[in-house]
Structure formats: structure tokens, C-alpha cells
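Results of the structural survey
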Amino acid sequence: MSSHRYPKRLLPLMLSALLTACATTPPPHREPAPLPAPPASAAPVETAPPAAAAEPAQDNGNVWDRLRGSFAMADCDADPAVLSWARRYTSNPQRFEEEAQAALPKLTYVQQVAAEHNVAGEFVLLPWIESGFRPVPGRRGRPAGMWQIMPATAAAMGLHVDRRYDGRLDVQATADAVMKLLSGYHEQFHDWRIVDYAYNAGEYKARQLVQQHGLPPETPVIPHWPVHNITREHLTKLLGMACVVREPDRFHVSLPALAPSQHLVKVPLPHSMPLARAADRAGMPVDTLKSLNAAFRNDIADTSVASYLMMPVSHAQQFRDALLNQAASASADAALVAGIGAAGADSAAASAGAKSTRAAAEHARTHRVKSGESLWQVAHRYSVNVRDLQRWNHLQGQHITPGQVLKVSASH
């Protein structure tokens, strides 16, 4: 996508499809009337605070402090419903803290992107409201990803979706696209509450409401507008989650910390490869890497659609080093082969044997079967075919036993 923001004066009606949970389609051939100008003395809730520049991935600052400093909407006591949702979220403090810990790497990354686009900090918590920061897969026209983006919205936002790759599950691409969208909404509506309504109910619906009712006053915090209960509750939930971040002690929860080594970074990928191989080279669990890069639908990191992987800092350098070592090894092998011609047939055979041994050591990998594990699960874990597993391990069927050691890649 281009880096410019959406212009205020010309937002085609076709983009009214830009919404997340339910779409509102504008009637054809109707130009919306100009929006009323914001009031001369804008209420605090309608004004975005100046945002700091995005922190580098290795930053040691507290993401929760940065988040609180960028909040632009009402606090916990502005509406009883906000406080009620904050209490619901923290009704089981241990579970809340576990969920916050799991979400923290992605949340921290999104906070950096929001700061780059001057978006109010409350919207960093949107994926919590939509999906709990989980990479929800899309099915038959349904919303997908941690932002729950509809297919039509993805196309308008410039997110690529096909059988191999679903950009709605790309952590980096969606964070940037959503923050651009929210920033553009704020340029139109001048009120972060209406921005949330536009995200949930659609831009066209939000424009209609402003045209009919004008900009809402500072109070009540949840505007008395004729909107669907889901839309009104969406804003209330967002403010409720922000309330917990504002005052965690009030709800008897602790907000987790994220070590600098666990911050997410975007690592260039020089060529396509199975995610299982990339995880092995990065020294991290394959399931973790797949969750961070769920946009690749076939467990293959395909550089024709996205030439990078998201991974923690602690594994990024190991991955880069492994790629450099692979390139150096390939160059050494090429030099070795080039020298074979002058060395004679015996030398060639010895060198070929050494090369074969190196290749076998590089590619031959094994997996010890766990109790209850199926052959299909092993194949899925390592992004290989069940028939290949059967052939490599001389299996007649799909029966495997706990403790059995299986080859999970070919030996050359």
C-alpha cells in the first residue's frame, strides 16, 4: 500500500465497505453532504494527543506506560457500562494475565505502528476486542485475522488474499493498513468515538450519523445515537479494556512485561521455504512461527506474496546467521566442484561422497512420536506429505506408536 493518508475531501462511497464486523452498503449515485465542522473548542475526547515516534523493537520502555500516555478517550468512571466491561475482562485475574502475556508481543508491535500514524492508544487494544489477538482463519467470506477484516475490506485496504496467502493474517501488513484507515477516519470525523463506530459499522453509516445528528457532545461518553447495540457495545468494550490498562490495580491484575529479546521484528526472506525449515533455522517452535506468520496458508513462506517473516528478536539473528552459513556452504561446495575437474576421478568420488554426507547431515531430521499423535499430525507439524513420511520410514499404513523415531525429511 502507498504511505499517504486518505484525503479528507474525496473518500469514494465504495470505501464505505471498509468495516470489520458488519457492512453497510451505500445507495448508488448518492454523494454525501459535507460533514459539519468540528466545534471551535473541541472537547478533550475529540482531540488526539501528540504521539511519540515508534519505538525500536529493542526498546526497554514499558509498553503499558506508552499506551496510557497515548490514550485519548474517557477514563474508567465516565460510564457505568465501561466499568462493567472492565470487571468482566478481569473476572478471572489469572486467565486475564495469561491472555495478556500471550498477546503482548503482537500488542507491542501494534503500539509502535499506532504511534507512527498518530492513532489514539485505545485502538491498539482493538484486536483484543475482535479476536484476543489470535490469528482467526477466514472461511467463505467471513472476517479473518486478529482485526477480523472482511474480504471486501481487505481488497479496499490493499491486503492481498488468495489460496496461498491471506494478508488479513499478516501482523505487519494489517497493523499498518488498519492504522492508516483509523487515521483517515479521524481526519474526517475529529472524534475517536466516531472512528470506532466507523470501524465497526462502516464509514458510510458514521457519515450518515454525523450528518443527521452533528458531532456528539463530550458527554455522554457513549453517544445517544440510533446505532445497533453491537456497535454501541464495541465502543464500550474498547473503553473497558483501556480502563484495565489505566488502572490494573483496581481490578487486582498485573500487566506482564516483555523482554526486549521477545519484541517482534520483520526479517527479510531471500527465497521461499517451508515454515518448519525456517523455524528450525531460527531455533524456535514451528507452531510459534506459524502463529506469527499465519498469512501463509500452506505452511510455506512464499516470497512471491510476502518476502519477510515476523519473529522475536532473540531468534531473528540466529535465522540470519543460518541463511548466511547456508550461502557460504553453497559457495564452498561450488568451489569444490570447480576444482574436481583437475583432481581426477578418485578425488571427484571422494569429494562427492563428502558433499553427500554434508547434505545428509543438513537435511536428515527425525521426530519421536508422542502418545496420541497421528501420522497426519506429524506431517502437518513439519509441512511434509503423509505419503513422503510413509516412504521415508518404510510404513505400509498410517499406524505409528509412541516412542517411534520417524524421519521427517529426505536424506540426499
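As shown above, the structure is provided for reference.
Keep in mind that this is a model prediction, so the values were computed, not measured.

The next point concerns the overall build of the protein. On a plain count of helices and strands, the protein comes out with 15 helices and six strands. Buried positions account for 47% of the 412 residues belonging to the protein. In the protein, 71% of the contacts between residues at least 6 apart in sequence involve partners at least 24 apart. Accessible surface, the protein: about 19,900 Å² in total, of which carbon and sulfur atoms supply 53%.

A few words now on the packing of helix α6 (residues 171–189) against helix α7 (residues 192–201). α7 packs onto α6 with a crossing angle of 125 degrees between their chain directions and a minimal axis gap of 9 Å. Our classification of the angle between α6 and α7 gives oblique. Crossing handedness for the pair α6 and α7: right-handed. Taking contact as the criterion, the partners of Val-178, Leu-181, Leu-182, Tyr-185, His-186 and Phe-189 in α6 are, on α7, Trp-192, Ile-194, Val-195, Ala-198 and Tyr-199.

Looking now at the nonpolar core. Core analysis: the largest hydrophobic core is formed by 101 residues, its most contacted members being Phe-123, Leu-182 and Phe-319. Counting residues per element, this core draws most heavily on α6, which supplies 10 residues. Residues Val-378, Val-386, Ile-400 and Leu-406 belong to the second largest nonpolar core, which totals 12 residues.

We now examine the pattern of salt bridges. Counting across every chain of the model gives 12 salt bridges. Between Arg-193 and Asp-191 there is a salt bridge whose closest N-O contact spans 2.8 Å. A single burial state applies to Arg-193 and to Asp-191, both of which are buried. The closest approach of N and O atoms between Glu-233 and Lys-237, which form a salt bridge, is 3.8 Å. Placement of both Glu-233 and Lys-237 in helix α9 (residues 229–246) is noted, with a separation of four residues, approximately one turn of the helix. By relative accessible area, which is 34% here, Glu-233 ends up partly exposed. The network of salt bridges with shared partners includes Asp-77, Glu-247 and Arg-250.

This next bit is on the packing of helix α2 (residues 80–89) against α9. Running from amino to carboxyl end, α2 crosses α9 at an angle of 65 degrees, the nearest separation of the two axes being 7 Å. Taken as a pair, α2 and α9 cross one another with a handedness that is right-handed. Along its contact with α2, which presents Ala-81, Val-82, Leu-83, Trp-85, Ala-86 and Tyr-89, the element α9 presents Glu-233, Thr-236, Lys-237, Leu-239, Gly-240, Met-241, Cys-243 and Val-244. Of the residues belonging to the contact of α2 with α9, the class tally is 10 nonpolar, two polar and two charged.

Turning next to unusual backbone geometry. A cis amide bond links Thr-219 to the next residue, Pro-220, at an omega of 0 degrees. In this fold, Pro-220 is placed in the loop between α8 (203–213) and α9. Phi angles above zero are rare outside glycine, and Asn-118 is one such case at about 55 degrees. Inspection of the secondary structure puts Asn-118 in the loop between α3 (93–116) and α4 (126–131).

Owing to its 3.6 residues per turn, the α-helix brings residues three or four apart onto one side. Three or more residues of α8 are buried, namely Glu-203, Tyr-204, Ala-206, Arg-207, Gln-208, Leu-209 and Val-210. Where α8 is buried, its residues touch α6 and α7.

So, about the state of the cysteines. In the structure shown here, the tally under the stated rule is one disulfide. With its sulfur 2.1 Å from that of its partner, Cys-76 forms a disulfide with Cys-243. In this structure the cystine formed by Cys-76 and Cys-243 twists about its S-S bond by roughly 115 degrees; its chirality is therefore right-handed. Taken together, the residues Cys-76 in the loop between α1 (63–70) and α2 and Cys-243 in helix α9 connect sequence positions 167 residues apart. Exposure class is identical for Cys-76 and Cys-243. Each is buried.

Conventions and cut-offs
Residues numbered from 1 in each chain as written. Predicted model: local features only at pLDDT ≥ 70, side-chain atom pairs only at ≥ 80, totals over all residues. Heavy atoms only, no water. Helix = DSSP H or I, 4+ residues; strand = E, 2+ residues; numbered from the N terminus. Buried < 20%, exposed > 50% of the residue type's maximum accessible area, 1.4 Å probe, protein only. Contact = heavy atoms within 4.5 Å. Areas by Shrake-Rupley, 256 points an atom, 1.4 Å probe, with all protein chains shown as cover. Axes fitted to C-alpha atoms, helices over the stretch in contact; angles between N-to-C directions. Parallel < 35°, antiparallel > 145°, perpendicular 65-115°, else oblique. Left-handed = near helix turned anticlockwise from the far one by under 90°. Core = buried A, V, L, I, M, F, W, Y, C linked by side-chain atoms within 4.5 Å. Salt bridge = Lys/Arg side-chain N within 4 Å of Asp/Glu carboxyl O. Nonpolar A, V, L, I, M, F, W, Y, C, P; charged D, E, K, R; others polar. Disulfide = S-S within 2.5 Å.

Purely geometric stuff here, so don't read any function into it on its own.
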